[in-house]
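# Observations on the three-dimensional arrangement
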Amino acid sequence: KIMENPQRLVRSRLPFKSEKMGVLTGMLLGDAGMTRKYPKNITLCHSESQKEYFDWKCSILEHFGFNKNKVREMYSLSGKKWFIVDFVDKKLEFFYRKFYRFDKKRIQRIVNLQNLRHLNLYGLAIWFMDDGNLVKNGYPYVCLNTQAYTYEEHILLQKFFKKKYNLNVKIHKDKHYFKLYFGSENDTAKHFVTMIEPYIHKSMEYKLR
């Protein structure tokens, strides 16, 4: 599969070319994180059940030339095992400035059209593997768990998918929050899955079954 050789993503030098920008954008829209205290660090965290996927994402960042700290193990209160790692590079501060703002004594991840324009199919697949799921009961649909974003940011995401991929994405209310919904109308879910399927890591293919 296309992304199983991450070296094909790194033939150009840093700072970031479009392919790398797309991958990093997808990671930051998904489960990767950065902090105000360490703006040159990008952190990955996955449970033991996703260790193969975690290692694969690490290999991509290593091929990008980022310095990898030691992988740490952590256990939740329920005894679930997690793996955490930080990658460090001074150029990552560029992404921190683009994706985060410090407002009212808290850090907030943001979505805007300037960030979204970098998102490519590599990054979109990673975002889905982190935060998405396909439901096949009755009419198939795809959800992206975007509850961390405001309604206004969901409107931007909706416009982005329409303009770039001609997908009619809906916004569903989830209690007090919102999430993106790719329904069966106009085969929206089918088209979305067809787009990202070549980039899905083998350990995460269960999300498309």
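Everything in this summary refers to the structure shown in the same document. What you see is a predicted model; the values in this text were computed from it and never measured.

### A few points about the overall build of the protein
Of the regular secondary structure elements, the protein holds seven helices and ten strands. By the burial criterion, 48% of the 209 residues in the protein qualify as buried. Partitioning the contacts of the protein with sequence separation of at least 6, the portion at a separation of at least 24 is 64%. Surface accessibility of the protein: about 11400 Å² in total, with carbon and sulfur atoms responsible for 50%.

### So, the packing of helix H1 (residues 18-29) against helix H5 (residues 121-131)
One way to put it is that H1 packs onto H5 with a least axis distance of 7 Å and a crossing angle of 15°. In terms of orientation, H1 and H5 fall into the roughly parallel class. Read as a crossing pair, H1 and H5 show a hand that is right-handed. Taken together, the residues of H5 that come into contact with H1 (itself represented by Glu19, Gly22, Val23, Gly26, Met27 and Leu29) are Tyr122, Gly123, Ile126, Trp127, Asp130 and Asp131. Split into classes, the residues belonging to the contact of H1 with H5 amount to six nonpolar, three polar and three charged.

Conventions we followed
- Residues numbered from 1 in each chain as written.
- Predicted model: local features only at pLDDT ≥ 70, side-chain atom pairs only at ≥ 80, totals over all residues.
- Heavy atoms only, no water.
- Helix = DSSP H or I, 4+ residues; strand = E, 2+ residues; numbered from the N terminus.
- Buried < 20%, exposed > 50% of the residue type's maximum accessible area, 1.4 Å probe, protein only.
- Contact = heavy atoms within 4.5 Å.
- Areas by Shrake-Rupley, 256 points an atom, 1.4 Å probe, with all protein chains shown as cover.
- Axes fitted to C-alpha atoms, helices over the stretch in contact; angles between N-to-C directions.
- Parallel < 35°, antiparallel > 145°, perpendicular 65-115°, else oblique.
- Left-handed = near helix turned anticlockwise from the far one by under 90°.
- Nonpolar A, V, L, I, M, F, W, Y, C, P; charged D, E, K, R; others polar.

It is worth stressing that arrangement in space is one thing and function is another; only the former is reported here.
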